[in-house]
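# Structural features, examined
So you can see what is in the structure, the chains are spelled out below.
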Amino acid sequence: MRREFIMVLLILNLAEYLASTKNTPVTDDKTSLDWWQTAVFYQIYPRSFKDSNGDGIGDLKGIEEKAEHFKDIGVDCVWLSPIFKSPMADFGYDISDYNAIDSVYGTMDDFVSLHKKLKSLGIKIILDFVPNHSSDEHEWFEKSVKKIHPYTDYYVWRDAKYDTNNSRIPPNNWQSLFSNSAWTWNEQRGQYYLHQFDPKQPDLNYRSKELVKEMKNNLRFWLDLGIDGYRVDAVPFLFENLQFLDEIRKPEELAKKEKNTYEQYYHDNTMDLPETYEMISQFRDVIEEYKLRDGKTRVMITEAYTSLENTLRYYGNETTLGAHMPFNFGLIEKLNDHSNATQFNTAVNNWLDNMPDGKCANWVIGNHDQPRVATRFGSEMVDAMNMLNMLLPGAAFTYMGEEIGMLDTAVRWDQTVDPRGLNAGLDGFRILSRDPARSPYQWNASVNAGFTVASSRPWLPVNPNYWKLNLDAQRKQHCSHYTVYKRLTRLRKTQTIQRGSFEANVLSEWVYAFTRYLPSEETYLVVMNVGSEDEFVNLSDWPIAVKEETWLVHTPSLNSQFSIGHLLKTSGFMMRPKSAMVLCNKKHSLVLSSTLSSTSSISSSSLVFPVAMFVIALGYSYMFSKQ
């Protein structure tokens, strides 16, 4: 009887262990994770990062000058917003030559030098690819106006309509994303051209085979120079319905609330057409040409502000490659400073539950088109949002300044330069202008925050709080947003964060938590009080948390009352409003190694327990058989 009892216990222990590993994302130690799947991507808005020549505008030499910062904070890849030749009507998103560097940013030699510097630091670089439109000063557009073959159909041209008074009017009611009609009359050609953005950004016509070839060659130009991929801009707008039907206006009670005329209409004829997904697949084929040559992945990431269903379609399917990742804007669009724990849980699970099998998730909490994290959620939530962004499964994107908790700058009407803000007028610019999130990076407490020389006037005003909120100051502080961010990027190098299972829990109305677990590795538990009051947190009803009687504080937010190494009881502890913590279950986890591998899914130590149980079971079986 004693023999059978011991054998049952051993088998149950082994079964429990094996069952606990079934949810780990990767179970084959021969399967490696590609670089982009675990990367921290850092977006640089070049005009605002660092000015090296004193003209008040950031440039490539300025980025190179500060390249050590990327290494310091644990960035794997930098993404540069457009640096190509441009009249700057939309600050680089109106491109007049896709294969040239704009002189305001420097030269091609400057780009090569920056690329070389980043490579020496082990940091990759991706560029913005802007396929929807060019500048009206591009050679193609000038030749299209003149109907010079083959450029005649490189853009979307339509004849005018005439009203009852025989006055010329646009072909239909389509609106620009920057407000007002999406059509502008060209006197020389005698037709309207389409521009879904600014009138100086005419839409390219992807029904022209010659145009498609040109754009694919633009991709190849920079890939040949060694870049590591592209962020592809504004992809939903590549194709329009060929019937050019009017768009349906929203009910008047909704439409009249919108200052931007674009938001007054539904856009079934100008967004997310089936042909768009096919074109993205063709772009991906170009990217794959380079992997076939040397086995190295160049990543393609698509930007699409559209429905979740339409966004996920950019991943492609079983037969057709799409983007490696379509941007996940759920944490931007679905959350704000009033969101409760359930809403946080929903925003996270919406992507994870609907993402196609075998694909990689990604997380974005800010960019150059959105108010900054510290502005949307409050400065108290900066660390909590960085914890969420960094420790969820998949790739993480950081917009420059998020690592120090920069806030939007109050840009006056007379300082406004963003075309979307200018189009909104004096009454609407504060709502629609993107300038506040694009203010210069705050390096130190010197004049102009160290962005440019004291005698220069920055292209946008520096935030007046620069004297206290800046990188130099946070580097000198024992605990700051900067130090928290660095601990989080180091955590991303662990096996648990790269490969561990994910489980979320709404612990109360205002407390959201999740774990990252991998057998025989450290377990991490992130707890966020997203509310505005102190909260008592009890982990006792959570099976994965109750395995430990106590948890160690690995990384506390700046506003937490706890410090690194503090011991917390699973049965309960208090959390300050808007505070957050990363907890761990092993003391050695507090000291992170910088040389952790990302190539194996289960370490050899994770096999010790099941092998030991098996050997003991065999031993007992042999021993009892001899009795």
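Computed from a predicted model, the values in this text were never measured in an experiment.

## Observations regarding the sheet that holds strand S20 (residues 550-556)
Read across the sheet, six strands follow the order S16-S17-S18-S23-S20-S21 without closing on themselves; strand pairing throughout is antiparallel. Only two strands of the sheet have a single partner each, and these edge strands are strand S16 (501-506) and strand S21 (567-569). Going across the sheet, the axis of each strand differs from the next one's by a mean of 30°, ignoring polarity. Two strands pair when backbone bridges link them, and strand S18 (residues 524-529) and strand S23 (residues 580-584) are joined in this way by five bridges, in the antiparallel orientation. Across the sheet, Val526 pairs through a bridge with Val582, a residue of S23.

## Focus: the environment of Gln498
Among the secondary structure elements, Gln498 is positioned in helix H17 (residues 495-499). In this structure Gln498 comes out as buried when scored by relative accessible area, which is 14%.

## Observations regarding the packing of helix H13 (residues 382-391) against helix H16 (residues 481-491)
Contact pair H13 / H16: the axes reach a minimum separation of 10 Å and the direction vectors enclose 15°. Overall, the two elements H13 and H16 adopt an arrangement that is roughly parallel. Remark: the crossing between H13 and H16 carries right-handed chirality. Contact with H13, carried on its side by Val382, Asp383, Asn386, Met387, Met390 and Leu391, involves His481, Val484, Tyr485, Leu488, Thr489 and Leu491 of H16 and no other residues of that element. Tallied by class, the residues present in the contact of H13 with H16 amount to eight nonpolar, three polar and one charged.

## Overview of the side chain of Asp383
Inspection of the secondary structure puts Asp383 in helix H13. Residue contacts for Asp383: discarding those within four places in its chain leaves His481, Val484, Ser557 and Leu558.

## Things to note about helix H11 (residues 341-354)
The end-to-end C-alpha separation of H11 is 20 Å, in line with the 20 Å expected for 14 residues at 1.5 Å each. Of all bends in H11, the biggest is about 25°, found at Val348. If you check which residues of H11 are buried, you get Ala341, Phe344, Asn345, Ala347, Val348 and Trp351. Between a side-chain oxygen at the N-terminus of H11 and the backbone nitrogen of Thr342 the separation is 3.2 Å; the capping residue is Asn340.

## Comments concerning the sheet that holds strand S9 (residues 183-186)
Strand order across the open sheet formed by three strands is S6-S10-S9, with antiparallel pairing between neighbours. The sheet is open, and its two edges are formed by strand S6 (157-158) and S9, each paired on a single side. In this sheet, strand S10 (residues 191-194) lies alongside S6 in antiparallel orientation, the contact comprising two bridges. Across the sheet, residue Arg158 finds its bridge partner in S10, namely Tyr192.

## Looking at unusual backbone geometry
A negative phi holds for most residues other than glycine; trans holds for most peptide bonds. Cis geometry is adopted by the peptide bond preceding Pro150, which originates at His149 and carries an omega value of 0°. Positionally, Pro150 belongs in the loop between helix H5 (139-145) and S6. Phi is positive for Asn166, close to 65°, though the residue is something other than glycine. Within the secondary structure, Asn166 sits in the loop between strand S7 (161-162) and strand S8 (168-169).

## Considering the pattern of salt bridges
Counting across every chain of the model gives 24 salt bridges. Lys117 is paired through a salt bridge with Glu68; the nearest N and O atoms lie 3.3 Å apart. Within this pair, whereas Lys117 is found in helix H4 (residues 108-120), its partner Glu68 is found in helix H3 (residues 67-73), the two being separated by 49 residues in sequence. For Glu68, a relative accessible area of 43% gives the class partly exposed. Put simply, Asp414 and Arg412 hold a salt bridge, and the shortest N to O gap is 2.8 Å. One continuous salt-bridge network, built from bridges that share partners, spans Asp90, Asp369, Asp418, Arg434 and Arg438.

## Things to note about the packing of aromatic side chains
Each aromatic ring pair is described using two quantities: the centre-to-centre distance and the angle formed by the ring planes. Overall, the coordinates contain 41 aromatic pairs when judged by the stated rule. Between Phe49 and Trp443 the ring centres are 5.1 Å apart and the planes differ by 80°, which places this aromatic pair in the edge-to-face class. Highlighted residues: Phe49 in the loop between strand S1 (40-44) and helix H2 (60-65) and Trp443 in the loop between helix H14 (419-432) and helix H15 (471-476), separated in sequence by 394 residues. On the accessibility criterion, Phe49 (0% relative accessible area) is buried. Overall, Trp443 belongs to the buried group, its relative accessible area being 4%.

## Quick notes on H4
Between its first and last C-alpha, H4 extends 18 Å over 13 residues, near the 18 Å set by a 1.5 Å rise per residue. Along H4, the residues classified as buried are Asp110, Phe111, Leu114, His115 and Leu118. Viewed along the axis of H4, the buried residues span an arc of 135°, placing them on a single side of the element. Exposed and facing more than 90 degrees away from the buried side of H4 are Asp109, Lys116, Lys119 and Ser120. Against H2, H3, strand S2 (77-80), strand S4 (97-101), strand S5 (124-129) and helix H6 (209-224) lie the buried residues of H4.

## Here's the deal with the side chain of Asn260
Here Asn260 is to be found in the loop between helix H7 (252-255) and helix H8 (274-294). What makes Asn260 buried here is its relative accessible area of 6%. Beyond its immediate chain neighbours, meaning those up to four positions away, Asn260 contacts Ser176, Leu177, Phe178, Ser179 and Leu432.

## Quick notes on the layout of surface pockets
Quantified by volume, the largest pocket comes out at close to 1200 Å³. Mapped onto the lining of the largest pocket, the elements with two or more residues apiece are helix H10 (330-333) and H14. If you tally residues by element for the lining of the largest pocket, the top one is H14, at four residues. Per-class residue counts for the lining of the largest pocket are 19 nonpolar, ten polar and 15 charged. There are two domains that each give the lining of the largest pocket at least three residues, and those are domain 1 (40-130 + 210-239 + 278-483) and domain 2 (133-203 + 240-272).

About the criteria used
Residues numbered from 1 in each chain as written. Predicted model: local features only at pLDDT ≥ 70, side-chain atom pairs only at ≥ 80, totals over all residues. Heavy atoms only, no water. Pairing = 2+ DSSP bridges. Helix = DSSP H or I, 4+ residues; strand = E, 2+ residues; numbered from the N terminus. Axes fitted to C-alpha atoms, helices over the stretch in contact; angles between N-to-C directions. Buried < 20%, exposed > 50% of the residue type's maximum accessible area, 1.4 Å probe, protein only. Parallel < 35°, antiparallel > 145°, perpendicular 65-115°, else oblique. Left-handed = near helix turned anticlockwise from the far one by under 90°. Contact = heavy atoms within 4.5 Å. Nonpolar A, V, L, I, M, F, W, Y, C, P; charged D, E, K, R; others polar. Expected span 1.5 Å × (residues − 1). Bend = angle between axes of the 7 residues up to and from the residue. Polar contact = N/O pair within 3.5 Å; in protein donor to acceptor, adjacent residues only side chain to side chain. Salt bridge = Lys/Arg side-chain N within 4 Å of Asp/Glu carboxyl O. Phe/Tyr/Trp six-rings, centres within 6.5 Å; stacked < 30°, edge-to-face > 60°. Arc of directions from axis to C-beta. 1 Å grid on protein atoms, 1.4 Å probe; cavity = no way out; pocket = protein on both sides within 12 Å on 5 of 7 lines; lining within 4 Å. Points joined across faces, edges and corners; volume = space filled by probe spheres on them. Domains from an automatic or database assignment.

Everything listed is a geometric property; what it means functionally is a separate question.
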